[in-house]
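Next come the chains, spelled out residue by residue.
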Amino acid sequence: MSVKVKFLPDDVTVIAEVGEPLLEVAKRGGVFIPTGCVMGSCHACEVELEDGTPICACISAIPPDTKEFIINLYSDPVW
């Protein structure tokens, strides 16, 4: 099933498949998400869902049962 993934504030939309790694979807859309450990421990890749819930992009995939998945990117001056 295809899911529309929207990256804010850049307003980039990418069509993805359920279960596809979020970092791969972002890369395909030309969206840069910084990474560190790529295991979810360092939180360098942390982004927010539309409701403000933080997730680590390196260990997250496109969830089932959704038509649109909105990701809020923010920059962390430490990284």
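Here, the structure is the one placed above.
Computed from a predicted structure; not experimentally measured. Each chain has its residues counted from 1, running along the sequence as written. Residues qualify for local features only when their pLDDT is at least 70, as the model is predicted, and side-chain atom pairs are given and counted only at 80 or more; totals for whole chains, interfaces and linings, by contrast, use all residues. Heavy atoms throughout the structure, all of them, feed into the side-chain values; hydrogens and water do not.

Undergrad: What exactly am I supposed to notice about the state of the cysteines here?
TA: By definition, a disulfide links the sulfur atoms of two cysteine residues through a covalent bond. For this text, the term disulfide refers to a pair of cysteine sulfurs within 2.5 Å. All told, the structure shown has zero disulfides when counted by the stated rule. The thiol of Cys 45 is unpaired, and the distance to the nearest cysteine sulfur, on Cys 58, comes to 3.5 Å. Cys 56 takes part in no disulfide bond, and the closest cysteine sulfur, belonging to Cys 45, lies 4.5 Å away.

Undergrad: Looking at this model, I keep getting lost on the environment of Val 14. Mind explaining?
TA: Checked against the element boundaries, Val 14 lands in strand S2 (residues 12-17). Spatially, the C-alpha atoms of Val 14 and Asp 51 are 19 Å apart, while their sequence positions differ by 37 residues. Among all residues touching Val 14, those that are not within four sequence positions of it are Val 3, Lys 4, Val 5, Phe 7, Val 25, Arg 28 and Gly 29. The secondary structure listing takes helices from DSSP runs of H or I that are at least 4 residues long and strands from runs of E that are at least 2 residues long, numbered from the N terminus. Residues count as neighbours in contact if any of their non-hydrogen atoms are within 4.5 Å of one another.

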